[in-house]
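What follows is the residue order along each chain.
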Amino acid sequence: MQSLAKSRALESLPSLAIRLQSMAYVDVTMRWKKDVSFDSVPVLTHSRDIRPLASLMRFLSPSPTPVHAVSKRGRSLETPDRRVTSFLRRFPAAFVESVGPQHNLPWFRLSDAAARLLREERDVFAARRAEVTGRLRRLLLMCPQRRLPLRVAQGMLWHLGLPEDYFKEPEYDIVQDGFRVIASRDGTICQADDDDRKLELIDDGKSEEMPLSVLQRNAIKKFGSAAEVPIPLFPSKGLRLKRKIGDWLEGFQKLPYVSPYEDSSNINRNSDTSDKRVVGVLHELFSLFVTCSAERRRLLCLRQHLGLPQKFDRMFERYPHVFYLLLKEKTCFVVLKEAYMAGEDTAIEKHPMLEVRKKYVELMEESREIIRCRRSGKPIESYSEGIENSVEMLS
């Protein structure tokens, strides 16, 4: 597909057209409105705890571990509680506490359910490895240089559904997936643990045709071609737009669409066309993630590598019909609305690891019931039916 960005190069436009393009930007502010439907999605509302829970489960596998050994990794695990011990005790369905052989110190081991979940996660990755690693490949293809600093790529593994030790364990052999780690200066393959390493594609992506974005596939599915690519909008209930903003939004949909996998260096950064390109990049990025959501602050490290403007995160507020800001426990998560509101009318593919993430939530819900039973003095078995019902609601 011929790049729209290249066909609209500024050098080929007359001076008047360049002037009009630079003046095309419309500064609008759309009011954010709380949507309770997103607040009731368990895999979103528990997002802040799922990651440290999964990290602790891997750390405690396969043998019991004293709590002081776990506490030393508290900062790297990013547990919301100040003390790792408090976090472990919040989830008795995943961690079983016992008294150690010396000094009566607490030890923790994985419950049978948690051990089974870890095995299932490994099995899913082994069975659908090409699908999962393909999302990391698409992320690298979105980068103009087809590479990312290794520390940035490491931070994206959780969102993309890859194991946290994917780059560290030789058993994964990332070369078979088409990746390699190089030193940033001379481009040689590097195994040393330094901050200058980069992750890149072995074939540099030049031997293949660039993939179609989700928005392009949506357009083909709906209109039969990608000549015009609108961005699906999902207004919050009860939110009415001013006529001026509605007219601007209608014109925004008719602007040329530049795929995240195309060259965008010739687009005027002060135009609505550039805005649409940024929204398209963010839309494609979220469609690669397991839950089509991510913590807002964790996306800032991708700015210069994806060719985004300095304050690109303001797009989440400027386009509330595309993104939803979920505020939970002093943290802001960004959710791609299309993934949760479009139903079957979307080209976003369900991530292979999504069902595994839902089962992490099941452990959290079961832990809440166990603690509730302990406090009320009632036997835990009497709540088993309620736990099963909550599990059915998540699936």
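Predicted model only: the values in this text are computed from it and were never measured. (Residues numbered from 1 in each chain as written. Predicted model: local features only at pLDDT ≥ 70, side-chain atom pairs only at ≥ 80, totals over all residues. Heavy atoms only, no water.)

**Some details on helix H10 (residues 129-142)**
Thought 1: For H10, spanning 14 residues, the distance from its first C-alpha to its last is 20 Å, which sits close to the expected 20 Å at 1.5 Å a residue.
Thought 2: Listed in full, the buried residues belonging to H10 are Arg129, Val132, Thr133, Arg135, Leu136, Arg137, Arg138, Leu139, Leu140, Leu141 and Met142. (Helix = DSSP H or I, 4+ residues; strand = E, 2+ residues; numbered from the N terminus. Expected span 1.5 Å × (residues − 1). Buried < 20%, exposed > 50% of the residue type's maximum accessible area, 1.4 Å probe, protein only.)

**Looking at the packing of aromatic side chains**
Thought 1: Throughout the structure, instances matching the rule amount to 14 aromatic pairs.
Thought 2: With a centroid separation of 5.9 Å and 50° between ring planes, the pair formed by Tyr166 and Tyr172 is classed as tilted.
Thought 3: The exposure class of Tyr166 is buried, given its relative accessible area of 0%.
Thought 4: An aromatic cluster is present here, built from Phe125, Tyr166, Phe167 and Tyr172 joined pairwise through their rings.
Thought 5: The ring of Trp158 carries Arg357 above its face, with NZ or CZ at 3.5 Å from the centroid. (Phe/Tyr/Trp six-rings, centres within 6.5 Å; stacked < 30°, edge-to-face > 60°. Lys NZ or Arg CZ within 6 Å of the ring centre and 35° of its normal.)

**Comments concerning the sheet that holds strand E3 (residues 106-110)**
Thought 1: Strand order in the open sheet made by the three strands is E1-E3-E2, with antiparallel pairing throughout. If you trace the sheet from one side to the other, it starts and ends with strand E1 (65-66) and strand E2 (95-99), each paired once.
Thought 2: Pairing geometry for E1 and E3, over two bridges, is antiparallel. Across the sheet, Pro66 pairs through a bridge with Trp107, a residue of E3. (Pairing = 2+ DSSP bridges.)

**Some thoughts on the nonpolar core**
Thought 1: Within the largest apolar cluster, 101 residues are counted, with the highest numbers of intra-cluster contacts made by Met57, Phe95, Tyr166 and Leu199.
Thought 2: Beyond its immediate stretch of four places on either side in the chain, Leu199 contacts Leu136, Leu140, Arg146, Arg147, Leu148, Leu150, Ala153, Phe167, Ile174, Phe179, Arg180 and Val181. (Core = buried A, V, L, I, M, F, W, Y, C linked by side-chain atoms within 4.5 Å. Contact = heavy atoms within 4.5 Å.)

**Some details on the sheet that holds strand E5 (residues 179-183)**
Thought 1: The strand order across the open sheet built from three strands is E4-E6-E5, with neighbouring strands paired in antiparallel fashion. Only two strands of the sheet have a single neighbouring strand rather than two, namely strand E4 (147-149) and E5. Adjacent strand axes in the sheet meet at a mean angle of 30°, parallel and antiparallel pairs treated alike.
Thought 2: Relative to strand E6 (residues 197-201), E5 runs antiparallel, the two sharing five bridges. Across the sheet, Phe179 pairs through a bridge with Leu201, a residue of E6.
Thought 3: Most of the contacts of H10 go to E6, to which it runs at about 100°, and overall it touches E4, E5 and E6. (Axes fitted to C-alpha atoms, helices over the stretch in contact; angles between N-to-C directions.)

**A short note on the packing of helix H5 (residues 47-60) against helix H11 (residues 150-160)**
Thought 1: Their axes nearest at 11 Å, the elements H5 and H11 cross at an angle of 100°. When the axes of H5 and H11 are compared, the pair comes out roughly perpendicular. From H5, Ile50, Arg51, Ala54 and Arg58 reach across to H11, where they touch Gly155, Trp158 and His159. (Parallel < 35°, antiparallel > 145°, perpendicular 65-115°, else oblique.)

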